[in-house]
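Overview (structure and organization)
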Amino acid sequence: MEQRKARVIIPDHLSFADLGLRRLETGKIEFDWDVIKQICERSERIPLDHLEEGPDDNVVGLILGWYMVIRENGGESDPVAEQLVAEFMEKEPEGDSTDDESGRA
């Protein structure tokens, strides 16, 4: 599978809170797709259908990427985003994975 880098542009009028990110009793997350649509329209190489119809990790990756930039710049924390970050960190294997002893993945 080919991976391409995308340049994500968050419109100035949007804030992370506009997502309305929340966790349902089922454990699923819910958010405002219109906010994601606006980001896709302003960004390069991010087709909305890739996020809507692809694996949940696609849109969660976008949301967490945005959130991490906010936190790195001293922005406010979001309890649901913090839960998602913690869950993501639990899934990540410790250290870098490699296919062989050469150190290359």
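It should be emphasised that the depicted structure is a prediction, and the values quoted were computed from it without experimental measurement.

This prediction gives the chain a mean pLDDT of 86; 84% of its residues lie at or above 70. Note on residues 96–105: pLDDT is under 50 here. Beyond four places in sequence and across chains, it has six contacts.

The next thing to look at is the packing of aromatic side chains. By the definition in use, this model includes three aromatic pairs. Judged by centre distance (5.2 Å) and plane angle (70 degrees), the rings of phenylalanine 16 and tryptophan 66 are edge-to-face. Note that phenylalanine 16 is positioned in the segment before β1 (22–23) and tryptophan 66 in helix α3 (residues 56–72), a separation of 50 residues in sequence. Note on phenylalanine 16: relative accessible area 10%, which makes it buried. Relative to tyrosine 67, the ring of phenylalanine 16 lies with its centre 5.2 Å away and its plane at 45 degrees, an arrangement referred to as tilted. Linking phenylalanine 16 in the segment before β1 with tyrosine 67 in helix α3, this pair joins segments that are 51 residues apart in sequence. Each of the two residues, phenylalanine 16 as well as tyrosine 67, counts as buried.

The next point concerns the pattern of salt bridges. With the rule as written, the count across this model stands at three salt bridges. With its nearest N and O atoms 2.5 Å apart, the salt bridge here joins glutamate 30 to arginine 22. We classify glutamate 30 as partly exposed; its relative accessible area is 33%. What makes arginine 22 partly exposed here is its relative accessible area of 41%. Glutamate 82 is the salt-bridge partner of arginine 71, the closest N and O atoms lying 3.5 Å from each other. In this pair, arginine 71 is assigned in helix α3 and glutamate 82 in helix α4 (residues 79–91), connecting sequence segments 11 residues apart.

What counts and how
Residues numbered from 1 in each chain as written. Predicted model: local features only at pLDDT ≥ 70, side-chain atom pairs only at ≥ 80, totals over all residues. Heavy atoms only, no water. pLDDT = per-residue confidence, 0-100. Contact = heavy atoms within 4.5 Å. Phe/Tyr/Trp six-rings, centres within 6.5 Å; stacked < 30°, edge-to-face > 60°. Helix = DSSP H or I, 4+ residues; strand = E, 2+ residues; numbered from the N terminus. Buried < 20%, exposed > 50% of the residue type's maximum accessible area, 1.4 Å probe, protein only. Salt bridge = Lys/Arg side-chain N within 4 Å of Asp/Glu carboxyl O.

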